[in-house]
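# Close look at the chain arrangement
Below are the chains, spelled out letter by letter.
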Amino acid sequence: MTPLFLTFEGPEGAGKSTQVQRLTSRLAALGRPHLVTREPGGTGLGARVRGVLLDPALDIDPLPEFLLYSASRAQLVREVIRPALGRGEVVVCDRYADSSRAYQGAGRGLDASFLEAVTREATGGLAPDLTVLLDLDPAAGLARAASRGQPDRLERADLAFHARVRKGFLALAAREPGRFLVLDATRDPGALEETVWAAVGERLGA
Ligand code: TYD
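Keep in mind the model is a prediction, meaning the values are calculated, not measured. (Residues numbered from 1 in each chain as written. Predicted model: local features only at pLDDT ≥ 70, side-chain atom pairs only at ≥ 80, totals over all residues. Heavy atoms only, no water.)

## Let's talk about the site of the ligand
Put simply, the rule is: Any residue with a heavy atom lying within 4 Å of a molecule or strand is counted as near it. In protein, a polar contact requires one atom able to donate a hydrogen and another able to accept it; more generally it is a pair of N or O atoms within 3.5 Å, and residues adjacent in sequence count only if both atoms are side-chain atoms. Note that accessible areas follow from Shrake-Rupley with a 1.4 Å probe, and for residues the cover is restricted to the protein chains shown. Only DSSP runs of H or I with at least four residues qualify as helices, and only runs of E with at least two residues qualify as strands; both kinds are numbered from the N terminus onward.
Near the ligand, the surroundings consist of 15 residues, among which Lys16, Tyr69, Arg95, Ser100 and Gln104 are the closest. Between the ligand and Lys16 there is a distance of 2.8 Å, counted from an oxygen atom to a side-chain nitrogen or oxygen. Arg73 is positioned such that a nitrogen or oxygen atom in its side chain is 2.8 Å from an oxygen atom of the ligand. Coverage of the ligand by the protein chains reaches 92% of its 550 Å² of free accessible surface. Elements supplying a minimum of two residues to the shell around the ligand: α2 (44–54), α3 (62–86) and α4 (97–107). For the shell around the ligand, the leading source of residues is α4, giving four residues.

What follows is the structure in structure tokens.
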């Protein structure tokens, strides 16, 4: 079976996890071997690093922030994603390198070529076959996220930061229209699920 690497991206509160779950149910119904994971996290190391990255009590500078996300990513690619793709599975990842490009690049202002160089090492050059970008106004997203509980370290960043992140995501999608599927996150979850499934189905058949 042909492996497929799918990622979901977008701001806080865009409904990524809902869509990841819905896609997973569809893959399961089809009997297609698949693996679901997320960033930061997905490994023992990633889970620890995630705790550090989201801790609202910590002040973390943009460079170490990016390096920590990259550390989690490097471990996840080696320990989980590559092996699953090697077995021919469909890998669905909730956030991946585009989040670093948007949050640490566009949002925090880290140099893009430095970011790409580290990302190349961390991922071994592994890029998704399809990236679903759930686009949403940052104010609406933060409100949705806030209704779920205490804001984490990133959710506490100001609206201007989150606006740069959104623009960053959209710029990435414009640069690689073949890889990105950009969807309006305010649409009905069922309708979004259908659109995602159509795009995934196309690639599964290929
Ligand atoms: P998470 O709770 O997974 O957020 P969400 O449910 O919105 O996906 O927390 C991940 C946070 O880390 C989120 O605010 C985005 C941020 N992030 C980065 O800043 N850079 C990255 O490379 C990644 C993967 C995530």
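## Thoughts on the pattern of salt bridges
Going by this rule: Salt bridges are counted wherever a side-chain nitrogen of Lys or Arg sits within 4 Å of a carboxyl oxygen of Asp or Glu. Type-normalised accessible area, obtained with a 1.4 Å probe on protein chains alone, sets the label of each residue: buried when under 20%, exposed when over 50%, and partly exposed for intermediate values.
In total, this model carries 13 salt bridges according to the counting rule given. Taking the shortest distance from any N to any O, the salt bridge between Arg179 and Asp98 comes out at 2.7 Å. Taken together, the residues Arg179 in the loop between α7 (159–175) and β5 (180–184) and Asp98 in helix α4 connect sequence positions 81 residues apart. Accessibility assignment for this pair places Arg179 and Asp98 in one class, buried. In this structure, Glu116 engages Arg101 in a salt bridge whose closest nitrogen and oxygen atoms are separated by 2.7 Å. Within this pair, whereas Glu116 is found in helix α5 (residues 112–123), its partner Arg101 is found in helix α4, the two being separated by 15 residues in sequence. Take Glu116: its relative accessible area is 29%, and that puts it in the partly exposed class.

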